[in-house]
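The residues making up each chain are set out below.
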Amino acid sequence: MLEKVTSTKCKIRVVSDKITLSSTNQQLDFFETPSQFEKKISEAVVVSLSLVSLFFLVIDVDGVDPVDMSSKRLNLGSKDFISSLPDCLICHILSFVSTKEAASTSVLAKRWRYLFALTPNLEFNDSIYLNSEIANQRKSTFPWITRKKSKTPRSFVDFVDRVLVLHQNVPLNRFSLKCEDVVHPAIIISWLLKVMDRGVLDLDLHISSEMGYRLPSEMFCSETLVRLKLGIRDVLTITTEKSVSLPKVKTLCLDYIMVENSVFAKLLSGCHALEELVLNNLFEVKGSCSVFHNTLKRLVVSRSRTFDENHESVSFSTPNLVYLEHSDTIANMYPKVEFNSLVEASLNLRMTSDQIVSAISIEDIDRSPQEEMVGNATNFLMGICNVKILHLSYNTLQVLTYCCKPIPQFNNLIHLTIQSDPEVAWESLPALLKNCPKLETLVFEGLHHKFKNCGEEDKCLCKPWEGEDIPTCLSSSPVKVLKILKFGEIFGDEDIEEQIKQVQHFLETMPNLEQLRLYYDTSFDEDVYEVSAQLQWHPRVASSKCKISVISDSLCLSSTVPCSVVVVVLDM
């Protein structure tokens, strides 16, 4: 607490949604204590404890409350409620924030000096030491934090060393280390050996690759580790001296790592209980990748668009996988694809820039994409055909058009989401929808598409040019719920009337439709009323039991064809 104050009338208030800290001079009152210490509230408490002693956040010199507190306050008089809490409870609260933030409480009083080092979670991030402005501010506020100008950030290293020494006799649940600056590998490895020897449960490592890291074999032989996340931006090397043994690891995340197939396979084989695998920008030394695992339930494979090359070969054999998220360029080959239990998949398959150029050349000489493919993702798409829930990006629509023959039969699919884009045509959608005999819910993220072959029979989802009674893929659609997200979103020369016509065409042709929901991207209620009226009184509808809802942020209009409107005003 501050020893000097200019005004004895000064009242300090630190307020969150559920907690109010109030003090006058050297007294501290605690109001509205929550029934449990939720993470968000715990963070507010920790920050408040530091700020009450260091800053005047909310000052009321005249004694008038700046916030109208309607609920009853718990008046504890001059008792220091926070300091009366037991050490174990304070450490539990501190465990929800980073070690840096927890360390800021060490200036409150002698009792608090080392409490931050007794929490079960340790999180270190050297980014604060890389910002000179922040470092200077911290130096004036917390004198024990300094920044020495050297090739190695000694202040950060000393801080981690000191905390690990203080933490020797405390159970360690989580250890997170993020180093953007260059810390010598020997130092990093010494820290890792210490935490592995302590039986850490959750290890999150993200370090620079400028000096090259050879991770110790002890990292891959642990009887306690449950979650392992590695981001080293370098080649992952596992020594062959010891086999990988991580029998309790359920979650494995690899981020910006280059790895050989043999090393990757060795790592997976050592995780006998693995349930979740996240591969973010994983680079294969030989351009091939295989994910074989029997207990895996959730798989995320993602590479950013900056990587514009095809994998040589990609294989999957995960018989118990239920969720797949795949964002990458298509591979040249998919020798093995086994997803026997897959329930949900989100795909963002992309062609490379060279393949896109080839696809454009096919269009220029007026050849059908089905006659000449520029890549082949057919085997992969066949491998996921048992899914019940599927999300396809606009890139994947291009892949279906130019890199898949034939379109797979999705006999179990009940929920399909399509992302749209003004530069991507809907050529593949008619064949796709025909091959979804059990589809119940169809969602469009926008109604944008490139106008190509529009109006031709089953070449798009637009209304045919010739004749109004020509059967289309929509005429036999089993879809009961149609949702249009981002309705009214306009790009370039697009017109809202075109989107309304497209929705009207859906109404005219989908015989089993029971619900049509338009989520209108507008701030004007008049727009909602106008669109609702045009759809409500549309003369031709294929399903007389269809309920139409037009929804904006502030208004919801519901109607049954052809009339009967219900208005719901949504609270902002």
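See the structure shown above.
No experiment lies behind these values; they were computed from the predicted model shown.

A.B. asks: Give a detailed account of the packing of helix α6 (residues 154-166) against helix α7 (residues 185-197), specifying residues and quantitative values.
C.D. replies: Here α6 crosses α7 at 15°, and the two axes come no closer than 12 Å. As summarised for this structure, α6 and α7 are arranged roughly parallel, according to the angle between their axes. Where α6 crosses over α7, the handedness of that crossing is left-handed. Taken together, the residues of α7 that come into contact with α6 (itself represented by R154, F156, V157, V160, D161 and L164) are I187, W191, K194 and V195. Tallied by class, the residues present in the contact of α6 with α7 amount to seven nonpolar, no polar and three charged.

A.B. asks: Give a detailed account of the pairing of strand β5 (residues 174-179), specifying residues and quantitative values.
C.D. replies: By the bridge criterion, five bridges tie strand β4 (residues 121-125) to β5 in an arrangement that is parallel. Along β5, the bridge assignment pairs F124 with L177. In the sheet, β5 pairs with strand β6 (residues 202-207) via six bridges, with the strands oriented parallel. Among the inter-strand pairings, F175 is bridged to a residue of β6, identified as L203. In the classification by handedness, the crossover that spans β5, the intervening α7 and the parallel β6 is right-handed.

A.B. asks: Hey, could you go over the environment of S222 for me, with residue numbers and the actual values?
C.D. replies: Along the chain, S222 turns up in the loop between β6 and β7 (227-231). Residue classification places S222 among the buried residues on the basis of a relative accessible area of 5%. Remark: the alpha-carbon pair of S222 and P247, spanning 25 residues in sequence, is separated by 7.6 Å. Contacts of S222, omitting those with residues within four sequence positions, involve M196, S245, L246 and P247. At 3.0 Å, the side chain of S222 forms a polar contact with the backbone nitrogen of L225.

A.B. asks: Describe the pattern of salt bridges, with residues and values.
C.D. replies: Across all of its chains, the model carries nine salt bridges by this definition. In this structure, the salt-bridge partner of R303 is D328, at a minimum N-O distance of 3.1 Å. Linking R303 in the loop between β14 (298-302) and β15 (313-317) with D328 in strand β16 (residues 323-329), this pair joins segments that are 25 residues apart in sequence. The exposure class assigned to R303 is buried, which follows from its relative accessible area of 9%. Classification of D328 as buried rests on a relative accessible area of 3%. A salt bridge links E338 to K336, with the nearest nitrogen and oxygen atoms 4.0 Å apart. The network of salt bridges with common partners includes E123, R174, K178, D202, D204 and R227.

A.B. asks: Pulling in residues and values, what's your account of unusual backbone geometry?
C.D. replies: Residue P406 follows K405 across a cis peptide bond; omega there is -5°. By secondary structure assignment, the location of P406 is in the loop between α11 (394-402) and β20 (415-419). The backbone phi angle of N281 is positive, close to 55°, even though this residue is not glycine. In this fold, N281 is placed in the loop between β11 (276-280) and β12 (283-284). By relative accessible area, which is 4% here, N281 ends up buried. Positive phi values are uncommon outside glycine, yet K486 reaches one of about 60°.

Here is what the cut-offs are and how they apply
- Residues numbered from 1 in each chain as written.
- Predicted model: local features only at pLDDT ≥ 70, side-chain atom pairs only at ≥ 80, totals over all residues.
- Heavy atoms only, no water.
- Axes fitted to C-alpha atoms, helices over the stretch in contact; angles between N-to-C directions.
- Helix = DSSP H or I, 4+ residues; strand = E, 2+ residues; numbered from the N terminus.
- Parallel < 35°, antiparallel > 145°, perpendicular 65-115°, else oblique.
- Left-handed = near helix turned anticlockwise from the far one by under 90°.
- Contact = heavy atoms within 4.5 Å.
- Nonpolar A, V, L, I, M, F, W, Y, C, P; charged D, E, K, R; others polar.
- Pairing = 2+ DSSP bridges.
- Right-handed = clockwise from strand over helix to strand, strands pointing away.
- Buried < 20%, exposed > 50% of the residue type's maximum accessible area, 1.4 Å probe, protein only.
- Polar contact = N/O pair within 3.5 Å; in protein donor to acceptor, adjacent residues only side chain to side chain.
- Salt bridge = Lys/Arg side-chain N within 4 Å of Asp/Glu carboxyl O.

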